[in-house]
Amino acid sequence: MLYPACILLFKDSRNLLMKKLFVFVLFCCFQLPIWAQYTITLLDKSTQEPVPYATIYFPDYKTGTVADSNGVFTIYLQKSTMLIQVSALGYKTFLENINPSSTLKIYLEPSVHDFKEIIISDNSSRLQGENVLNVEKISLQNNTEMQGISLTEKLANVAGVSNVSTGVGIGKPVIRGLSGNRIAVFSQGVRIENQQWGDEHGLGLDENGYEEVEIIKGPASLLYGSDALGGVLYFSDERFANKNWVDVVLNSEYNSNTDGWRNTGGFKLSKGRFHANVFGGYTTHTDYKDGNSNRVDNSRFKTNDFKTSLGYVKDRFTTSLKYSYLNEKYGLTEDAQDSAYVYKNGRKPAYPYQDLTTHIISSENTFFGKNDSKIKVDIGYVFNSRKEYEEQTEDNKANLSMNLNTLSYNARWYSAKLREKWNIIAGSQGMFQTNVNKGDEILVPDAATTDLGMFATSDFHYSEKSYWQIGLRLDGRHINSQPYGIENSTGYIAAFDKTFTAFNFSTG
C-alpha cells in the first residue's frame, strides 16, 4: 500500500507545481513589455523637403539604421525617450533625446562647413562644440590620410601628439611632452595596463576592430583617473551592424620599404536584439631600409590579433561581452648584432626580441531608468605577458618575463535633467593589479596595487547654447611590493607598502 501512496503523492505534487507554473507564466504574459512601432520622418529645416538616406545611430544601443529615399525610418521602442544621432551630408549632426510618436518629424539644419560629430568618451554623449574638454577624434576605418606602419605612428599625425620609438613597430604616444603612466589608454570601456612605464614598452593595441580614437588633451583626471595628466587615448570599438544586417570586410596592405604585409578581416551580424562582431588580422614586416637603402638589422616585427563582441539589446537594458587577443613579436635593434642570429631577409625576429601577449575581457552594461537617467557599469580583466629574449638558450627560457593581471570596474550614474537645467554624473572607478616575475631578471618587483576613486560632475545650462560644468574627484592608491634579492647586497630591492591619496577639482 505504500507504493501506490507514493505515486499519488507525486502526482498531487506535480499537479500543484504545474498550477503554480501556469500562474507564473500567466503573470509574466501580462507583464510583457509592449513594444510600439514608430515611423519618423527627416525633413530639411529650411525647405521642409525630405532628407533621404541619412544615417541614424542610437549611441546607447550601439546600433543604427538608414532612412529611405523619402527620409523615413522605423524603430521599435518601449522606452519613453531615446538618444538619437542623425547624420547627413550637408547638414549639422542632430543629437537629442526624443519622445517617439507615430507622427514625429526631425528637422535637420543645413550646413556646408560646420559638421560636428558625436563625442562618447567623456561619459556623456554630446557634440564637439558642446564639450568643455578639448577632444580630437580621428577615424581608424580605411583612413588613407593617416600614414604609418604602426598605430602610434598614425596617431602622431594629430597636432600635439608625437611618437617615441626604439624600433619600427615599437612606439609610445606622447601628448604635450608626457607619456607612459601619465597617459591613460581606454579600450573596450576599461583602462589598459601593460607595463606602459618602460621606454621600450609600446601601446599594446592594434587598430583592427576600432572605429575611431578620441584624443583628449590636458588634465582629464575627473573622468579617467588621477594620473591621466598628459591626456587620454579613448579607443571606440566598431559599432554593431544595422538591424537585421550583415557586413563583411576584407583588407590587405603592402609596404615596400619593409616588404611588409597586413591582412585583416571583419564580420558583423545583427539579428533582432542580438548583435555580433568578429575581427582578425595578421601583420608581418622584414627589416626596414634606411636612407642609404641599407637594411636595419632586426627591425622586423609581426603581430596577430583577434577581437569579438556579443551584444544584446532590450528596452531598458543593454549588455555586451567583449574579448580581444593580441600577440606581438618585436626585434630589438642594437649597434652590434650577432650574425648567427640575424637573417637579412627573414621575418622571424632575431635575438634580442620581445614577445608580448595581451588578453582583454570586458562587459559593458547600461540600465535605463525613468526619463533620461541611466546607470553604466563596465567590468574588465586585462592579462599582459611581457617576455624578452636576449640570446638563444637550450631551454629557450625568457631572460625577462612579467605577468601583469588587472581587474577593474567603472560605474557611473547619469541623472535626468533637473528643472531642464541641471544634470549630474556620479561614479566610482577601481582596480586591483598584481605583477609577477617569472624570468631570471626583474625590472620591477612582485607587487599588488589597489586603486579606488570616486567622482561627480554637474552641468548647469543657463541658456540654449551655454552651460557651466563643475566636478570633483577623490582617489586612493595602495601599493604593496615584495622584497627582492639579499639584504645589504647589490641589486637588493626592499619591501614597499604605502598609500597615496589625491583630490582634484575642475570647472569650465
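Residues numbered from 1 in each chain as written. Predicted model: local features only at pLDDT ≥ 70, side-chain atom pairs only at ≥ 80, totals over all residues. Heavy atoms only, no water.

Student: Can you break down the sheet that holds strand β5 (residues 82–87) residue by residue, with the values?
Tutor: In spatial order, the strands read β3-β2-β5-β6; together these four strands make up an open sheet with antiparallel pairing. The open sheet terminates on both sides in strands that have one partner only, identified here as β3 (63–66) and β6 (94–98). Across the sheet, the mean angle from the axis of one strand to that of its neighbour is 25°, orientation sign disregarded. As defined by bridge partners, strand β2 (residues 55–58) adjoins β3 across four bridges and the pair is classed as antiparallel. Looking at the pairing, Thr-55 lines up with Val-66 of β3. (Pairing = 2+ DSSP bridges. Helix = DSSP H or I, 4+ residues; strand = E, 2+ residues; numbered from the N terminus. Axes fitted to C-alpha atoms, helices over the stretch in contact; angles between N-to-C directions.)

Student: Tell me about the pairing of strand β22 (residues 353–368), and name the residues and values.
Tutor: The buried fraction of β22 is high, at 12 of 16 residues. As paired elements, β22 and strand β23 (residues 374–389) share 16 bridges and run antiparallel to each other. Paired with Phe-367 across the bridge in β23 is Ile-375. The antiparallel hairpin formed by β22 and β23 contains five residues in its connecting segment, where Asn-371 sits at a positive phi of about 55°. (Buried < 20%, exposed > 50% of the residue type's maximum accessible area, 1.4 Å probe, protein only.)

Student: Go over the environment of Asn-244, please, and point to the residues and values.
Tutor: With respect to the secondary-structure elements, Asn-244 resides in the loop between β16 (231–237) and β17 (245–255). Placed 31 residues apart in sequence, Asn-244 and His-275 show a C-alpha to C-alpha distance of 9.1 Å. What Asn-244 contacts, discounting residues up to four positions off in sequence, is Ser-270, Lys-271 and Gly-272. Of note is the side chain of Asn-244, whose polar atom sits 3.0 Å from the backbone nitrogen of Gly-272. (Contact = heavy atoms within 4.5 Å. Polar contact = N/O pair within 3.5 Å; in protein donor to acceptor, adjacent residues only side chain to side chain.)

Student: So what about the nonpolar core? Which residues, and what values?
Tutor: Judged by nonpolar contacts, the single largest core of 23 residues is most densely connected at Leu-42, Ile-56, Ile-84, Val-86 and Leu-108. Only β1 (36–44), β2, β4 (72–77), β5, β6 and β7 (105–108) provide two or more residues apiece to this core. Val-185, Val-213, Ile-215 and Phe-235 belong to the second largest nonpolar core, which has 20 residues in total. (Core = buried A, V, L, I, M, F, W, Y, C linked by side-chain atoms within 4.5 Å.)

Student: With reference to specific residues and values, describe the side chain of Asn-208.
Tutor: Within the secondary structure layout, Asn-208 lies in the loop between β14 (190–191) and β15 (210–217). In this structure Asn-208 comes out as buried when scored by relative accessible area, which is 11%. In this structure Asn-208 touches Arg-262, Thr-264, Gly-265, Phe-279, Gly-280, Gly-281, Asp-305 and Lys-307, once residues within four positions along its chain are discounted.

Student: An account of the pattern of salt bridges is requested, with residue identities and associated values reported.
Tutor: Tallied over the full model, the rule gives 18 salt bridges. Where Lys-137 meets Glu-214, a salt bridge forms, and the shortest distance between an N and an O atom there is 3.8 Å. Placement of Lys-137 in strand β10 (residues 135–139) and of Glu-214 in strand β15 is noted, with a sequence separation of 77 residues between them. Glu-214 matches Lys-137 in its accessibility class, with the two residues each being buried. Residues Lys-322 and Glu-364 are paired through a salt bridge, measuring 2.8 Å at the closest nitrogen-oxygen approach. Of this pair, Lys-322 sits in strand β21 (residues 317–331) while Glu-364 is found in strand β22, placing the two residues 42 residues apart along the sequence. According to the relative accessible area criterion, Lys-322 is buried, its value standing at 7%. Glu-364 sits in the buried class, given a relative accessible area of 12%. (Salt bridge = Lys/Arg side-chain N within 4 Å of Asp/Glu carboxyl O.)

Student: Now, about the sheet that holds β23: what can you tell me, with residues and values included?
Tutor: The strand order across the open sheet formed by 12 strands is β17-β18-β19-β20-β21-β22-β23-β24-β25-β26-β27-β28, and the pairing between neighbours is antiparallel. Edge positions in the open sheet fall to β17 and β28 (496–507), since each of these has one partner strand only. On average, adjacent strands in this sheet sit at an angle of 5° to one another, irrespective of strand direction. Relative to β21, strand β20 (residues 301–313) runs antiparallel, the two being bridged by 13 bridges. Within β21, the residue paired with Thr-303 across the bridge is Glu-328.

Student: So what's going on with the confidence of the model for the chain? Residues and values would help.
Tutor: Taken over all residues, the pLDDT of the chain has a mean of 81, while the share at 70 or more is 82%. Low pLDDT (under 50) marks residues 1–14, which in the prediction has zero contacts with non-local residues, meaning those over four places away or in another chain. Residue range residues 20–34 is modelled with pLDDT below 50. Its contacts to residues more than four positions away, or to other chains, number four contacts. (pLDDT = per-residue confidence, 0-100.)

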